[in-house]
Amino acid sequence: MLATLYAKAVDADAPRSILRDEYAKAAVARIDYDWDATTITPRRAPSVAIRTAHFDNWTRQFLTAHDEATVLHVGCGLDARVYRLDPPAGVRWYDIDYPDVIGLRERVYPGRDNYRMVPASVTDPHWLAEIPAGRPTLFIGEGLTMYLTKDDGLALLRRVVDRFGVGELQFDAFNTFGIRTQVINSVVRRSGSRLHWGINGPDDIIDEVPGVRLLVWQSVFDSDTFALVSPSVRWMGRVMAAVPALRTMAQYHRYAFGREC
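What you see is a predicted model, and the numbers here were worked out from it, not measured in a lab. (Residues numbered from 1 in each chain as written. Predicted model: local features only at pLDDT ≥ 70, side-chain atom pairs only at ≥ 80, totals over all residues. Heavy atoms only, no water.)

1. Notes on the overall build of the chain
The helix and strand inventory of the chain stands at 11 helices and seven strands. Here the C-alpha atoms of the chain give a radius of gyration of 18 Å, agreeing with the 18 Å that 2.2 N^0.38 yields for 261 residues. Each principal axis of the C-alpha atoms in the chain carries an extent, and together these give about 45 × 40 × 35 Å. Looking at the chain as a whole, 52% of its 261 residues qualify as buried. Sequence-distant contacts, at least 24 apart, represent 73% of the contacts inside the chain between residues at least 6 apart. Accessible surface, the chain as shown: approximately 12400 Å² in total, 51% of it carbon and sulfur. Charge separation in the chain, taken as the distance between the mean sites of 31 positive and 32 negative side-chain charges, equals 4 Å. (Helix = DSSP H or I, 4+ residues; strand = E, 2+ residues; numbered from the N terminus. Rg over C-alpha atoms; globule rule 2.2 N^0.38 Å. Buried < 20%, exposed > 50% of the residue type's maximum accessible area, 1.4 Å probe, protein only. Contact = heavy atoms within 4.5 Å. Areas by Shrake-Rupley, 256 points an atom, 1.4 Å probe, with all protein chains shown as cover. Lys, Arg positive; Asp, Glu negative; His and termini not counted. Charge placed at Lys NZ, Arg CZ, Asp CG, Glu CD.)

Laid out in structure tokens, this is it:
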């Protein structure tokens, strides 16, 4: 959580910033932490920023079509998406994460109309009962699925689809190769975290979550925002994309559920 926040703050100071996230910079300034311990550098920050920019774009697309929607930003960490996007007044936005995380968010970010921070484990089924149904609903799970077990992750997606009836699921994932190679991921290793759930393609979701239909599934290397990284990183991406296991090591998933949305 702190590593991704710091990456966005570092990106904000870059000459060609991807997110221009001044909220991340302000949050970093308010938190007493050894930011060098995150291993995030100006060279590494864009790889985090392009993922966030990708989901910002998808979220904008959904809200353009549904200006009175509900947004569930699940496992939100310290991401400032609700402030960056400044959704229309008719949108109800919920940021959901562990109570300690929400407590920190409340200290570094301001409140706003039609916005609520929900202190709960995302795998706890009870928090969903607090969210009114009856609106098109967007589920955003950026940087989340790989930290869940397969059973917990699928159960969460099923609960969202069952409760809200119509909307979208948007999340990123690692394939099983990406999960197995987590030992070389310095951010994960130094944080003491462990990755669990590998998703190898849309069938892993469609076969397990009734009522969803695929909108987009793509490698990170094929996304529009990947073009925003440096030429050397783009070159490395082309090399990696030639190897099937590496091409889909990191993926973006987007599904619709309910009536045509």
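2. Describing helix 5 (residues 99–108)
Of all the residues in helix 5, the buried ones are Val101, Ile102, Leu104, Arg105 and Val108. Each buried residue of helix 5 lies within a common arc of 160° when the element is viewed along its axis, so the set occupies one face. Summarising the geometry of helix 5, the exposed residues directed more than 90 degrees from the buried face are Asp100, Glu106 and Arg107. On the buried face of helix 5, the contacting elements are helix 2 (22–30), helix 4 (81–85), strand 2 (92–97) and strand 3 (115–119). (Arc of directions from axis to C-beta.)

3. Describing the pairing of strand 2
Most of strand 2 sits inside the fold, with five of its six residues counted as buried. Examined bridge by bridge, strand 2 and strand 3 share five bridges and lie parallel to one another. Within strand 3, the residue paired with Asp95 across the bridge is Met117. Where the polypeptide runs from strand 2 across helix 5 and back to strand 3, its parallel neighbour, the crossover connection is right-handed. (Pairing = 2+ DSSP bridges. Right-handed = clockwise from strand over helix to strand, strands pointing away.)

4. With respect to a nonpolar patch on the surface
Together, Ile206, Leu214 and Trp217 give the surface a local cluster of nonpolar side chains, amounting to about 240 Å² of exposed area. As for its position among the elements, Ile206 is in helix 9 (residues 203–206). Looking at Ile206, the relative accessible area reads 33%, which means it is partly exposed. (Patch = residues over 30% accessible without salt bridge, like charges linked within 9 Å, V, L, I, M, F, W, Y side chains within 5 Å. Salt bridge = Lys/Arg side-chain N within 4 Å of Asp/Glu carboxyl O.)

5. Here's the deal with the packing of aromatic side chains
If you walk through the whole model with that rule in mind, you get 10 aromatic pairs. A centroid spacing of 5.3 Å and a plane angle of 40° characterise the contact between Tyr83 and Tyr109, whose relative ring orientation is tilted. Highlighted residues: Tyr83 in helix 4 and Tyr109 in the loop between helix 5 and strand 3, separated in sequence by 26 residues. An identical accessibility class is assigned to Tyr83 and Tyr109; each is buried. Look at Phe221 and Phe226: their rings are 5.3 Å apart centre to centre, the planes differ by 75°, and that puts the pair in the edge-to-face class. Per residue, the accessibility class of Phe221 equals that of Phe226, and both read buried. A connected cluster of aromatic rings, assembled from ring pairs, spans Tyr23, Tyr83, Tyr109 and Tyr115. Stacked on the ring of Phe164, the Lys or Arg Arg163 has its end atom at 5.7 Å from the ring centre. (Phe/Tyr/Trp six-rings, centres within 6.5 Å; stacked < 30°, edge-to-face > 60°. Lys NZ or Arg CZ within 6 Å of the ring centre and 35° of its normal.)

6. Comments concerning the packing of helix 1 (residues 2–12) against helix 2
Packing of helix 1 against helix 2 leaves a shortest axis separation of 8 Å and a crossing angle of 120°. The way helix 1 lies across helix 2 gives a crossing that is left-handed. Each of Leu5, Tyr6, Lys8, Ala9 and Ala12 in helix 1 lies in contact with helix 2, whose residues at this interface are Glu22, Ala24, Lys25, Ala27 and Val28. For the contact of helix 1 with helix 2, the residue count by class is seven nonpolar, no polar and three charged. (Axes fitted to C-alpha atoms, helices over the stretch in contact; angles between N-to-C directions. Left-handed = near helix turned anticlockwise from the far one by under 90°. Nonpolar A, V, L, I, M, F, W, Y, C, P; charged D, E, K, R; others polar.)

7. What to know about the side chain of His253
Looking at the secondary structure, you find His253 in strand 7 (residues 250–257). Exposure remark for His253: the relative accessible area of 0% places this residue in the buried category. A distance of 2.7 Å separates polar atoms of two side chains, one belonging to His253 and the other to Gln251. In this structure, His253 is in contact with Trp58, Leu169, Gln170, Phe171, Ala173, Ile199, Gly201, Pro202, Ile205, Val216 and Trp217, ignoring residues within four places of it in sequence. (Polar contact = N/O pair within 3.5 Å; in protein donor to acceptor, adjacent residues only side chain to side chain.)

8. Quick look at the environment of Asp203
Mapping Asp203 onto the fold places it in helix 9. Assessed through its relative accessible area of 51%, Asp203 is described here as exposed. Spatially, the C-alpha atoms of Asp203 and Val82 are 31 Å apart, while their sequence positions differ by 121 residues.

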